Amino acid sequence: MSLVQPNIIAEALGITSNALRKRRVSGNNKDNLDYIVTSSGRALYKYDSIPPDVRVIVDKITIKRKRQAHDDRMKNDFRYANSLGKYNARRKALIQKEIDKKAKELLEEQKIAKMKLNENRSGSRDNWKENNYVKWVDARTPGNYWKSYSDYEKSKKKKSTEPYY
């Protein structure tokens, strides 16, 4: 059992909701519409008690009032397409254009950052000096100028703890 609001039934019958209320209060209910009154005092009509010809109109009204997507309304609703739909379409286009612009700027910033990172890693070889290729070595001192293999092996050995006293 579903319930229908009085304003929808009044619109389907072609009368005002106030006239529907007066019919209900006076007991002069021509259409024999069953209703229930909620605890807050609001009357809701039972869908099953509505005559079939009025039911069709109620269905049209409730379907029309449901929220539809902008694209569907632009195709189906002539009035929407020529009034509010134009504004909504223009607004959606502006928003999409702004999003595309921000995405493009972000992409350019990422490209620039990536190029700077690559340049810092490789260094610009045009500005390299001789010091980047050559390292001074003292010929009088024998030995490696890099970490020797024996130093590496010593570092792997477990260090023993020695007491201070």
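All values reported here derive from a predicted model rather than from experimental measurement. (Residues numbered from 1 in each chain as written. Predicted model: local features only at pLDDT ≥ 70, side-chain atom pairs only at ≥ 80, totals over all residues. Heavy atoms only, no water.)

(A) Structural detail: the overall build of the protein chain. A count of helical and extended segments in the protein chain gives seven helices and three strands. Scanning the protein chain from its N terminus toward the C terminus, one meets helices and strands in the order β-α-α-β-β-α-α-α-α-α. As displayed, the protein chain offers around 14,900 Å² of accessible surface, 53% of which is attributable to carbon and sulfur atoms. (Helix = DSSP H or I, 4+ residues; strand = E, 2+ residues; numbered from the N terminus. Areas by Shrake-Rupley, 256 points an atom, 1.4 Å probe, with all protein chains shown as cover.)

(B) Highlighting the nonpolar core. Val4, Ile9, Leu20, Leu33, Ile50 and Val58 are the most contacted members of the largest nonpolar core, which totals 13 residues. Looking at this core, the elements that each hand over two or more residues are helix H1 (6–13) and helix H3 (52–65). When residues of this core are assigned to their parent elements, the largest contribution, four residues, is made by H1. With residues up to four places along the chain from it excluded, the contact list for Ile9 reads Val4, Leu20, Leu33, Tyr45 and Ile50. (Core = buried A, V, L, I, M, F, W, Y, C linked by side-chain atoms within 4.5 Å. Buried < 20%, exposed > 50% of the residue type's maximum accessible area, 1.4 Å probe, protein only. Contact = heavy atoms within 4.5 Å.)

(C) Layout of the environment of Ala89. Within the fold, Ala89 resides in helix H6 (residues 84–122). Sequence spacing of Ala89 and Met74 is 15 residues, and the spatial spacing of their C-alpha atoms is 9.1 Å.

(D) Broad picture of the packing of H1 against helix H2 (residues 17–26). With their axes 8 Å apart at the nearest point, H1 and H2 run at an angle of 100° to one another. Taken together, H1 and H2 sit at an angle that is classed as roughly perpendicular. Here Pro6, Asn7, Ile9, Ala10 and Leu13 of H1 come into contact with H2, specifically with Ser17, Leu20 and Arg23. A per-class count over the contact of H1 with H2 returns five nonpolar, two polar and one charged. (Axes fitted to C-alpha atoms, helices over the stretch in contact; angles between N-to-C directions. Parallel < 35°, antiparallel > 145°, perpendicular 65-115°, else oblique. Nonpolar A, V, L, I, M, F, W, Y, C, P; charged D, E, K, R; others polar.)

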